[in-house]
Structure formats: C-alpha cells, structure tokens
Amino acid sequence: MAGDNEVNLNESKRVVPLNTWVLISNFKLAYNLLRRADGTFDRALAEFLERTVAPNTFPVDGVFSVDHLDRSTGLLNRVYQPAPENEAQWGRMVDLEKPLSTTKIIPVIIFFHGGSFTHSSANSAIYDTFCRRLVNNCKAVVVSVNYRRSPEHKYPCAYDDGWAALKWVVTRTWLQSGKDSKVYVYLAGDSSGGNIAHHVAVRAAEAEVEVLGNILLHPMFGGQMRTESEKRLDGKYFVTIQDRDWYWRAYLPEGEDRDHPACNIFGPRGRSLEGIKFPKSLVVVAGYDLVQDWQLAYVEGLKESNHDVKLLYLQQATIGFYFLPNNEHFYCLMEEIKNFVNPNC
Amino acid sequence: MGPYDSAISAGSSSGSSSSSSSKPHEIDGLLAGAGYKVRSSDLRQVAQRLERLETVMVNTPADVSQLASDAVHYNPSDIASWVDTLLSELNHPVPLPSDLPDFPDLVVSPLNQSMVSEAWTQQHQNISHHQLMAVTATEEDSGIRLVHTLVMCAESVQRGELALAGSLLENMQALLTRVNTGCGIGKVAGYFIDALSCRVFAPQGTASPYGSSYEIEVLYHHFYEACPYLKFAHFTANQAILEAFDGHDCVHVIDFNLMHGLQWPALIQALALRPGGPPMLRLTGIGPPSPDGRDSLREIGLRLAELARSVNVRFAFRGVAAARLEDVKPWMLQVSPKEAVAVNSIMQLHRLLGTNNNNTRNLPIEIVLGWIRNLNPKIMTVVEQEADHNQVGFLDRFTEALYYYSTMFDSLEACAVQPEKALAEMYIQREICNVVCCEGSARVERHEPLAKWRDRLTEAGFKPLHLGSNAFKQASMLLTLFQLRATVWRRRKDV
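Sequence positions are assigned chain by chain, starting from 1 and proceeding in written order. Following the order in which they are written, the chains are lettered starting with A and the ligands numbered starting with 1. Reporting of local features is limited, given that this is a predicted model, to residues whose pLDDT is at least 70; pairs of side-chain atoms are given and counted only at 80 or more, and all residues count toward the totals for whole chains, interfaces and linings. The basis for every side-chain value is the complete set of non-hydrogen atoms in the structure, without hydrogens or water.

To continue, consider the overall build of chain B. The helix and strand tally for chain B stands at 18 helices and 5 strands. Burial classes follow relative accessibility: with a 1.4 Å probe on protein chains only, a residue under 20% of its type's maximum area counts as buried, one over 50% as exposed, and anything between as partly exposed. Each of the 495 residues in chain B was classed as buried or not, and the buried ones make up 49%. Pairs at least 24 residues apart make up 76% of the contacts formed inside chain B by residues separated by at least 6 positions. In short, Shrake-Rupley with a 1.4 Å probe defines the accessible areas, and a residue's cover is counted only from the protein chains shown. As presented, chain B carries roughly 23100 Å² of accessible surface, and 53% of it is formed by carbon and sulfur atoms. Under the DSSP-based scheme used, a helix requires at least four consecutive residues in state H or I and a strand at least two consecutive residues in state E, with every element numbered from the N terminus. The contact definition used throughout considers only heavy atoms, calling two residues in contact when any of these lie within 4.5 Å.

Structural data, given as structure tokens:
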C-alpha cells in the first residue's frame, strides 16, 4: 500500500505547479480528517480549518462584494460587482433602486461553489477569489450561493437552495440590465456546484424561467458502475473512488445508490431532457479527473437530447486547476467563459 | 519533466526553470489569495511534510479522524505548523528540512500580475473593511427613502445646515408613519431619527443620555441574555484565560468592567475542574462607583465567592471603583509578582480613545495600555465592537453606524424572549445615541475596526494569540443552542 502511494504522489507532483500541489494536497488531507468512516462529518473542525474572507464594499482589484440575505431561505448570497467608475461612490451602500445598466447587457452569473456537496462556502477564500476573477474577466456580476451542505442537509436541499437563489436573482430589479430591463442569468459551478447548476437549470426550464447558459466546471456526476477513467485514475491525482463514494452517500438519500437521478443524469433512472427549453452548456472536463467518463457521458446525453453543448476538454488539467492562475488551462477557461456569456455571441 | 515546463520557463526570468520570479522570503502570493501563508522558499519543505503526513495517515491503523478531532489545531493558515501539529499528534517525528529533490523545479510564474491578489496580510490590514448587509427587510419605497433621507440629513448636519436638517427630520417623522416601525428598517430608522433629533434640536452640552450605572447594568444584562455576542465573547475569552493559566497556582483576573460578573462563574467552574486541581483565584473587578450608598462591586464579589466556595476554589475578590477607566492606577490592583495575571476588557478600551483632556503628554489609551503591559500579564483578552465609529467626519460615522446597527437589530429579530429583547434594544439604542449625538469627552462609544486595534496593541507590546480549534469547536456547539437558521460567517478572532 505504501509503495502504491509513493507512485501516486509522484504522478500528481509532476503535472501541477508546486504551490497548486501544496494547496490541493492540503485540502485532500484535511478532508480525509473530516470524513468519518461512519458517514458523519466533523463540521466544527471543518469550519475551523476553512479559510474564509469577509465581503468588502471597497473594491479590491476592481471588484467589490456585499452579502445579501435571502429571507425566504435564511441563506446569504454574496454578490460581486465591478467597482463603480466614480471613485466617490466606493464603499457606499449598493443602490437597490437602479438597474445595473439601461443600455448595456450585464450578465449575472449565479455561481455554485464546489466541495462535493459537503465542503466550502461562498465565503471560502478560494471561491471568493475565483468569483472576483470571473467578474473582471467577463465584466459580469457574480452571485455566489451559500447552499446548505451534506451530510447535515441531503438531497434535494442543495437544489432547493439553488432554485431559491435563481428566483431571488431574477426578481432583483437592481440586477436588471439592457434596454429590456431584465436579468440576464447564467448558472455556473464547479464539482458539486456544476451538478447543482444542471438540476437548477432543469427546474428553471420546467418553470419557464429563462437561463441563458450553464457553465459546468468538472461537474460532479457518477453512477453505480465503475468506469474506465475511475479505475485508471483512482488515487492518482488527489481524488479517490472511495472519497467520491463517501460524498455521494452523504448527499443522496439514505439507502440510495449512485444511479439516483441526482447523480447519474442520463443513467437508467435519469429523466429525459428532450423537448424542454434547456439552456446551452459549456462543460469543462479535466483530463486527470477520474470522474471524466461520467462528465463525457453527460455531454453525450445533452447532445442526444438535442441541446446545445460545448465540451472543453483540458487534457493535462487536474481538478482545481482554476484556483490559481498559474497554468495555461486557467487562462483558456477564462477565455471560454468570457465568450460564452458575451451578449454579442 | 512535466508538461508545464515550456510554458513556465517562457515566463520566468531566466532560462533555467529553477529560478524564482519572487523573492524567497516573500509569502507565495497565490496561496495568500487562498488564505494560506507559506513562504515561497518553504514550498518544497511544506510539500514534503504534506507527503509525509499522507503516508502516516495511510499507515495509521486507528481512526485517523478521531485522532484529528481530539488534537488541538492552531492557525490553519500556516500550513507548515498545521501539518507538524498533526504529525506529532499521530506520534511521528517532524521531518527535518532536507534537500531531497523530490519535487521538480516547477516554478510559479504569475503570468498576469493584475490577476494575482495582494499578499493576504496586506489585504486584511491596509484596506479597511466595510462589512455591509444590505437591508432587504422591506424593499418598499418608504423604507429605502427613509435611509436616503437619513443620510441626507446627516450630510446637512455635517455641513452645519441645521435648519435643513430639522425639516428633513420632520419629513422622516411623516415617512415613519408609512412603514412598519415594529421591525426592520422602520425600527432602526426610528432610533436614528431620535438620535439626530437629539443632536439637532437639543441644546449643546446636554448630559449624556446614559442613565445611572444601575440602569446600564440592567440593560447590559438583558443584552447579554438576548443575543449571543457577549456570551461568545465571554466564552472565548475564558477559554484563552484558562489556557494561559495552565500550570500556575496563583492566578489573578482583572476585569475592566465587572457589571454583574456574568463572565466569571463559567471560569470558576472550569478552574475547579482543571486536572491537577484549581489554582488560587483572585478577581479584581473594576466598575463605576454606586451613588446610592450600595457597594454593588462588593455584592457581586460576594456572590462569586459563594460560588467559588461551593466548588472548592480558593477565591479572593477586590472591587475597584472608578468613574472612568483612565482613573484606575495600577497600584490599586495590587498585583503580586508571583501570580499569573489575565487582563480582561469587554467593550471598554474604545472609551479611552477620546481627546486628551488631562493635557498629559500621552493619550489615555497609551497610558492604560502601557501600565497593562508593565503588569506583564500572561494574557490580555480584548473584546470590542468591530465598527468604524470613531471616524472624524460625522457623515462617515453616521453612515457606518446606520449599517452596523441595522445589522445588529436584524440579528436581534431572532430573539423571541421578552423583556430581554426590548431591553437589549434599549441598550443598543443608547450606543446609537452616543455615537450620533455626542461629541468630545461625552462621546465614549468610539468603536474601531479590528485592524486598528491589532496595530495599536502590537505597538503597545502585545502579540496576538491564535484561537485553537478546541475553543472554536465548543463555540460552534454553543451556536447550535441558538438555532440560528442563517449561516453564520465565522470571523477570525485574534485575541
């Protein structure tokens, strides 16, 4: 066993920069400590270890953030916006009466952070930083949702919270833009956040709430069967089949298996997406992610349902490649997202 | 070696991929953006320790997570020491730094400078934090208009246009009839309108609307009961004091504002249960003199002594009556050189930030911090309201207070118990009044942000101590008792 581990560690070391390796390994080990064999989670220690940041109405690198309380759920949404051009307005209260713009279209990206449904929050430093980068990159507003996590809150809580967040966003007059005065909404998420984005988009399509696009960053999907990529990459690049199983058990209802439609979208229990007004999707798959076969199956499933989907396959990327801007995949991703939400495309 | 070599070395400053584009003793900027402090030159070592920890964890037969949760973690931002704590907890020696070239020289090259976030320490210290919760309780027009008018009114007060301010106040009284003043923005606006009216219409030099010390104590007690803030503060401070007193047989706690002594029963009980037995505990409680002949300090002291006796803790109490904290002199505290001292200040230090009335060379805050430092305490626990209520400009102060206290009232909505809630609101209302209405020596509620306190205390010779995971865990459990539905943002507390 120890020998296997040495081999595994050597491989991941060679494909990411040193500081990325330190960051993701640190997470990996901390998370190993937090997951208990009996399926419970040491939430108190998790909260203690979590690196968080406060919102800041003073712009940092051109972006400011404010936490808004959604009274229907009691949850906070952290809203990131580009700094006002007029410096005299910096640090002032958000004007809840005026739209973002009456001439230009400003996309609003609702972002669901990752963490396998269990870890992280909207105020996690890694996600706060990522959302700020998204704002600058896309000239968009980003709303980061603090959905309830497992194992304390299982399926469908995360989806309910995501749906509530979408409803909250589309009913904020101050998030409207363009000549039509509407909220131009995109859904985005990494890992479990990508999974949430998918399910919220389905709900939105059924309720005829318009979502302009989905951005899924190595989304968390799975199934009972062990795919080739899972077997080949198990334990090699920070992630193991065992930990994936633990997180699915923690999220899915008691007694369920991974063919549950929350997990296996186009599997034996999946629902058909044909004929519903599902948004266009950008699905990003990392070549060293053991879950990729499920993500690729998802892309195929969307195509077969006649939905617009673009696959961005980053051969030599590991999970979490977008946390630090020290690799070419990061910049490639940012470019793709920018084009995806650009109202002129 | 790796697939990124060509990409990275194109960006780095020399041909070889072993050059570093940042100075070695600098903190890695990208990890800083993720909340971690690791020096660039230490990256390889830290990586080795992580590797080692992983190997140990894999090979440890016992339940690793149980071991991990029993261990006390400190400062997770410092990955190196966090890993070392775990390694020693899992009974493995910390590896010495070695030159094993396990890690290829893949160098971080910030390809786009503007995307790299500033070093973490800079981000948190130099830029002042304005934490806002947008008040979305009632997004009715009236609610928002109230806020706008309040700010306009404060602006006119700052400009000295009292006539305009007065008529704006009348407008707002009318607006108030159209909103729900029982909760939300209506209620908060009401208090601020009152405070502004006091400032605009009442003659200068009114006595501080504070009331007797007895009244304050009662309101404070209800504020303590109605919301969790003080309970958490007491709890956290006690935890730190307990740890600082470890191994000492004679300990002395100096409480800068005794009130009803609410903080101390828990500490006395914790000391009673200390492995190896309790120390001899002295408590010195500072408080205002009681005007009506009662010796309220002594009464509280007697009650605490009774409790201490019931749990077999040797205990001695001394009350120090002083109208203002700056009137207290260290000799009054009778600190003995043999004892371990803890100085505990709950929302008191900010009162010393006023103008220097005594014409002494140093500011009151410097004098007091100076003699505290000279007592050489094992620990000083400071609790302060984190808000920027001591700004020079009235409008800035006003706006900040409006948002800060809106949030406070918002959170109080979760409290269902009466009369605690109503009296807690009165307590807060007095703070508001002082911030908005008073000036000069009458204005004592001079709250400042954490960064300023950290600088000030560091300059006075104090070093911040990190909160351990054990205290944090227990605080989290305490939190569940309040059944708060909303997510609580955990703030880093440096004591």
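We are not done yet, so read on.
Residues and elements named next belong to chain B. Spatial ordering of the open sheet is given by β3-β2-β1-β4-β5, a layout of 5 strands whose pairing is parallel. One side of each edge strand has no neighbouring strand; the edge strands of this open sheet are β3 (315-321) and β5 (379-383). Strand-to-strand twist of the sheet, defined as the mean angle between neighbouring strand axes without regard to direction, takes the value 15 degrees. In this analysis, strands are considered paired if DSSP registers two or more bridges between them. Between N-to-C directions, angles cover 0 to 180 degrees, with each direction set by a line fitted to C-alpha atoms, over the stretch in contact for helices.

Residue and element names in this part refer to chain B. At their nearest, the axes of helix α10 (residues 213-226) and helix α16 (residues 420-437) sit 7 Å apart, and the two run at 120 degrees to each other. Overall, the two elements α10 and α16 adopt an arrangement that is oblique. Of the two elements, α10 crosses α16, and the hand of that crossing is left-handed. Touching Glu215, Ile216, Leu219, Tyr220, His222, Phe223, Glu225 and Ala226 of α10 are Glu420, Lys421, Leu423, Ala424, Met426, Tyr427, Ile428 and Arg430, all from α16. Here roughly perpendicular refers to angles of 65 to 115 degrees, roughly parallel to angles under 35, roughly antiparallel to angles over 145, and oblique to all remaining angles. Each crossing gets its hand from how the near helix is turned against the far one by less than a right angle, where anticlockwise is left-handed and clockwise is right-handed.

All names here are of chain A. Across the sheet, 8 strands lie side by side as β1-β2-β4-β3-β5-β6-β7-β8; this open sheet has mixed pairing. Each of the sheet's edge strands pairs with one partner strand only, and the pair in question is β1 (63-70) and β8 (309-314). In this sheet, adjacent strand axes meet at a mean angle of 20 degrees when their direction is disregarded. Judged from the 6 bridges that link them, strand β3 (residues 107-112) and strand β5 (residues 184-190) form a sheet pairing that is parallel.

The term salt bridge refers to a pairing of a side-chain nitrogen on Lys or Arg with a carboxyl oxygen on Asp or Glu at a separation within 4 Å. The final tally for this structure, using the stated rule, is 36 salt bridges over all chains. Between A:Arg36 and A:Asp42 there is a salt bridge, with the nearest N and O atoms lying 3.9 Å from each other. Given the relative accessible area of 21%, A:Arg36 is considered partly exposed. Two residues, B:Glu448 and B:Arg456, come together in a salt bridge whose shortest N-O distance is 2.8 Å. What makes B:Glu448 buried here is its relative accessible area of 6%. On the accessibility criterion, B:Arg456 (22% relative accessible area) is partly exposed. In the salt-bridge network here, residues are joined through shared partners; they are A:Asp67, A:Arg78, A:Asp128 and A:Arg132.

Right, let's get into the UniProt feature "domain: Alpha/beta hydrolase fold-3" (unreviewed entry) in chain A. The sites that carry the UniProt feature "domain: Alpha/beta hydrolase fold-3" (unreviewed entry) are, in the present numbering, residues 109-322 of chain A. For residues 109-322 of chain A, the helix share is 34%, the strand share is 16%, and the end-to-end C-alpha distance is 17 Å. UniProt positions are given in the numbering used here, feature names are shortened, and annotations may be inferred rather than shown by experiment.

A few words on the nonpolar core. Residues grouped as a nonpolar core are buried Ala, Val, Leu, Ile, Met, Phe, Trp, Tyr and Cys residues, joined through side-chain atoms within 4.5 Å. Within the largest apolar cluster, 138 residues are counted, with the highest numbers of intra-cluster contacts made by A:Val22, A:Leu23, A:Phe112, A:Leu166, A:Val169 and A:Leu187. The contact partners of A:Val169, leaving out residues within four places of it in the chain, are A:Val108, A:Ile110, A:Val143, A:Leu175, A:Val183 and A:Val185. Of all hydrophobic cores here, the second largest spans 58 residues; its members include B:Val151, B:Leu168, B:Tyr220 and B:Val436.

The next thing to look at is the confidence of the model for chain B. Do not read the fine detail of predicted coordinates wherever pLDDT is low. Residue and element names in this part refer to chain B. Per-residue confidence from the prediction method is given by pLDDT, with values spanning 0 to 100. Scored by pLDDT, chain B has a mean of 79; 78% of the residues are at 70 or more. Mean pLDDT across the elements of chain B ranges from a minimum in helix α1 (residues 5-11), with 30, to a maximum in strand β1 (residues 250-255), with 97. Residue range residues 95-139 is modelled with pLDDT below 50. Its contacts to residues more than four positions away, or to other chains, number 121 contacts. Across the predicted assembly, pTM comes out at 0.72 and ipTM at 0.92.

What follows concerns helix α10 (residues 328-341) of chain A. Residue and element names in this part refer to chain A. Taking 1.5 Å of rise per residue, the 14 residues of α10 would be expected to cover 20 Å, and the 20 Å separating its terminal C-alpha atoms lies within 8% of that figure. Regarding α10, the residues found buried are His329, Phe330, Leu333, Met334, Glu336, Ile337, Phe340 and Val341. Projection of α10 onto a plane perpendicular to its axis shows the buried side chains occupying an angular sector of 165 degrees, all on one side. Summarising the contacts, the buried residues of α10 are in contact with β3, α4 (125-138), β5, β6 (213-217), β7 (280-286) and β8. A helix is expected to span 1.5 Å multiplied by its residue count minus one. When we speak of the arc, we mean the arc of directions from the helix axis to the C-beta atoms.

This next bit is on unusual backbone geometry. Trans is the prevailing form of peptide bonds, just as negative phi is the prevailing case for residues other than glycine. In this chain, A:Tyr155 is followed by A:Pro156 through a cis amide linkage whose omega measures 0 degrees. Relative to the helices and strands, A:Pro156 resides in the loop between β4 (141-145) and α5 (157-170). The backbone of A:Ser191 shows a phi angle near 55 degrees, a positive value even though the residue is not glycine. Assignment of secondary structure puts A:Ser191 in the loop between β5 and α6 (192-206). In this structure A:Ser191 comes out as buried when scored by relative accessible area, which is 11%. Look at B:Asn312: it is not a glycine, yet its phi comes out positive at around 60 degrees.

To continue, consider α6(A). Between the first and last C-alpha of α6(A) there are 22 Å, a value that for 15 residues agrees with the 21 Å anticipated at 1.5 Å per step. With 13 of 15 residues buried, α6(A) is to be regarded as a mostly interior element.

The next thing to look at is the UniProt feature "active site" (unreviewed entry) in chain A. Taken from the UniProt record, the annotation "active site" (unreviewed entry) applies to A:Ser191. When residues no more than four places from it in sequence are discounted, the contact partners of A:Ser191 are A:Gly114, A:Gly115, A:Ser116, A:Leu217, A:His218, A:Pro219 and A:Met220.

Before going further, it helps to spend a moment on the packing of aromatic side chains. Working definition: a ring pair exists when centres of Phe, Tyr or Trp rings (six-membered ring for Trp) sit within 6.5 Å. Plane angles under 30 degrees give stacked, over 60 give edge-to-face, the rest tilted. Applying the stated rule across the entire model yields 29 aromatic pairs over all chains. Summarising the aromatic geometry, the rings of A:Phe111 and A:Tyr127 are spaced 5.9 Å apart at their centres and angled 45 degrees between planes, so their arrangement reads as tilted. Here A:Phe111, found in strand β3, pairs with A:Tyr127, found in helix α4; they are 16 residues apart in sequence, far enough to count as distant. The class of A:Phe111 is buried, set by a relative accessible area of 1%. Seen in terms of ring centroids, A:Trp246 and A:Tyr247 are 5.3 Å apart; in terms of plane orientation they differ by 80 degrees. Their pairing is edge-to-face. Across the pair, exposure class does not vary: A:Trp246 and A:Tyr247 are buried alike. An aromatic cluster of at least three residues, connected via ring pairs, comprises A:Phe27, A:Tyr31, A:Phe111, A:Tyr127, A:Phe130, A:Phe321, A:Tyr322, A:Phe323 and B:Tyr36. Comment: the charge-over-ring label is applied if NZ (Lys) or CZ (Arg) is within 6 Å of the ring centre and within 35 degrees of the ring normal. Just above the ring of B:Tyr224 sits the side chain of B:Lys231; from NZ or CZ to the centre is 5.4 Å.

What follows concerns the environment of B:Gly393. All names here are of chain B. Mapped onto the secondary structure, Gly393 falls in the loop between β5 and α15 (394-412). Taking relative accessible area as the criterion, Gly393 reaches 22% and is therefore assigned partly exposed. Along the chain, Gly393 and Glu155 lie 238 residues apart, while their C-alpha atoms are 9.9 Å from each other.

Quick look at the side chain of B:Asn390 now. All names here are of chain B. Note on placement: Asn390 falls in the loop between β5 and α15. On the accessibility criterion, Asn390 (16% relative accessible area) is buried. Here the side chain of Asn390 touches Arg446 through a polar contact of 3.0 Å, side chain to side chain. Under the rule applied, a polar contact is a pair of N or O atoms within 3.5 Å (in protein, one hydrogen donor and one hydrogen acceptor; residues adjacent in sequence only if both atoms are side-chain atoms).

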